[in-house]
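Structural overview for review
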Amino acid sequence: MSDSETARELLTARVAYELGSLDESELEATWHEQLTRWLAEATRAGLPEPNAMVLATADAEGRPSSRMVLCKGLDDRGVVFYTNYTSAKSRDLLATGLASATFPWFPMQRQAHVRGPVAKVDPAETAAYWATRPRGSQLGAWASPQSDTVASRAELEARLADVDRRFAGVEHIPPPPRWGGWRIKPQVVEFWQGRLNRMHDRLVFARDDGDWRIRRLAP
Ligand SMILES: Cc1cc2nc3c(=O)[nH]c(=O)nc-3n(C[C@H](O)[C@H](O)[C@H](O)COP(=O)(O)O)c2cc1C
C-alpha cells in the first residue's frame, strides 16, 4: 500500500461496533469483579496479551507519557504491574503519585480504564511474583538500566553476559533492589462497550467519600 493509500485508509476506515452491549443490570457488584470478568472473557476469547494495558503517567510539569505494561495482579486493593523503579514511568509516579491505565480489547470492541493514586507493592509480594518469572527475564531485569541511554546493542548484550556470569550457579536469583511492583488504587474505573452509531455504553464506578457509585457517561 502506498503512503497516500494508507492516508486515505485512515480517513475512511470504520468499524461497526455491534458485538455487544453493557447494561447496569449486568454489572458485577464491584469494579474489581467486573474487571476480572472482562479480563477472563478477553483471555477466553484468545486475545493476544489480554492483560496488556496502556499506562499513562505525567511528570512534575504535567508532561504526559504512555506505554504498555502487563497487569500482574487485580483485586479490591487495585491493579498491579511490575517495572523498574528508576525508569521514566517510575520517576513520573514518584513525582505525581498518580496513574491511569487502559486495557485495549479491540476484537471485543471493549476498553476498560482505571485511574487513581499509586503505591509501591510490598517487597514480599514483589519477591513472590519475581520468583515466578523465567530466569531469562530475571537476568534481563538485572542487566537493563531501563529508560537510560545505552551506547549500543552490544553494550546491552555485554551487560547480560555479565549478570549471567555473576549469577552462574545461583539457583534463586533475587529481585534487583531497583525493581518492583506498583499498584494503581483506582478512584475511577470505566467499562466501555462499543455500540452502533457511536452510541457506546460507558459505565463508570467512581469512589465518592469512600463509597462506590455507578454512573453512565455519554459516549
Ligand atoms: C505488550 C507489552 C507489555 C509490556 N509490559 C511491560 C511491563 O509489564 N513492565 C515494564 O516495565 N515494561 C513493559 N513493557 C515495556 C514498556 O512498554 C516500556 O517500553 C518500558 O517499561 C520503558 O518505559 P518508560 O521508559 O516509559 O519507563 C511492555 C511492552 C509491551 C509492548
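Residues numbered from 1 in each chain as written. Predicted model: local features only at pLDDT ≥ 70, side-chain atom pairs only at ≥ 80, totals over all residues. Heavy atoms only, no water.

**Overview of the overall build of the protein chain**
Scanning the protein chain from N- to C-terminus turns up six helices and ten strands. Over its C-alpha atoms, taken along the principal directions, the protein chain stretches across nearly 60 × 55 × 40 Å. Each of the 219 residues in the protein chain was classed as buried or not, and the buried ones make up 38%. Taking all contacts inside the protein chain whose residues are at least 6 apart in sequence as the whole, residues at least 24 apart take part in 64%. (Helix = DSSP H or I, 4+ residues; strand = E, 2+ residues; numbered from the N terminus. Buried < 20%, exposed > 50% of the residue type's maximum accessible area, 1.4 Å probe, protein only. Contact = heavy atoms within 4.5 Å.)

**Re the site of the ligand**
In the vicinity of the ligand, the contacting residues are E49, R67, M68, V69, L70, Y82, T83, S87, A88, K89, Q146 and S147. Here an oxygen atom of the ligand sits 2.6 Å away from a polar atom, N or O, in the side chain of T83. Taking 630 Å² as the accessible area of the ligand by itself, protein coverage stands at 64%. Where the shell around the ligand is concerned, the elements lending two or more residues are β2 (64–70), β4 (78–84) and α3 (88–96). The element that contributes the greatest number of residues to the shell around the ligand is β2, accounting for four residues. Counted by class, the shell around the ligand contains five nonpolar, four polar and three charged residues. (Near = heavy atom within 4 Å. Polar contact = N/O pair within 3.5 Å; in protein donor to acceptor, adjacent residues only side chain to side chain. Areas by Shrake-Rupley, 256 points an atom, 1.4 Å probe, with all protein chains shown as cover. Nonpolar A, V, L, I, M, F, W, Y, C, P; charged D, E, K, R; others polar.)

**What about the environment of L196?**
Locating L196 in the fold gives a position in the loop between β8 (188–193) and β9 (201–208). Measuring from C-alpha to C-alpha, the distance between L196 and T96 comes to 38 Å, with 100 residues separating the pair along the chain. The residues contacting L196, other than those within four sequence positions of it, are A16, Y17 and E18.

**What to know about the nonpolar core**
L35, M53, F81, F103, W105, I184 and F191 are the most contacted members of the largest nonpolar core, which totals 30 residues. Counting only elements with at least two residues in this core, the list comes to α2 (31–44), β1 (52–58), β4, β5 (98–105), β6 (110–120), β7 (179–184), β8 and β9. The element contributing the most residues to this core is α2, with five residues. Contacts of I184, omitting those with residues within four sequence positions, involve L55, R77, G78, V79, F81, A99, A101, V114, R115, G116, P117 and V118. (Core = buried A, V, L, I, M, F, W, Y, C linked by side-chain atoms within 4.5 Å.)

**Some details on the side chain of R133**
The residue R133 is located in the loop between α4 (123–132) and α5 (135–143) in this model. This buried residue, R133, is left without a salt bridge; E49 holds the nearest opposite charge, at 11 Å. A polar contact of 3.3 Å, which involves the side chain of R133, links it to the backbone oxygen of S137. (Lys, Arg positive; Asp, Glu negative; His and termini not counted. Salt bridge = Lys/Arg side-chain N within 4 Å of Asp/Glu carboxyl O.)

**Things to note about unusual backbone geometry**
We note that E49 has phi near 45°; this positive angle belongs to a residue other than glycine. Note that E49 resides in the loop between α2 and β1. Overall, E49 belongs to the exposed group, its relative accessible area being 52%. Positioned with a positive phi, S147 is a non-glycine residue whose angle comes to about 80°. Within the secondary structure, S147 sits in the loop between α5 and α6 (153–166).

**A short note on the pairing of β6**
In this sheet, β6 lies alongside β5 in antiparallel orientation, the contact comprising eight bridges. By the bridge assignment, A99 is partnered in β6 with G116. The turn linking β5 back onto β6 is made up of four residues, and Q109 within it adopts a positive phi angle of 55°. Bridge analysis of β6 against β8 gives six bridges, and the strand direction is antiparallel. Counterpart to A112 in the pairing with β8 is F191. By the bridge criterion, three bridges tie β6 to β7 in an arrangement that is antiparallel. Across the sheet, the residue bridging to A119 is R183, located in β7. (Pairing = 2+ DSSP bridges.)

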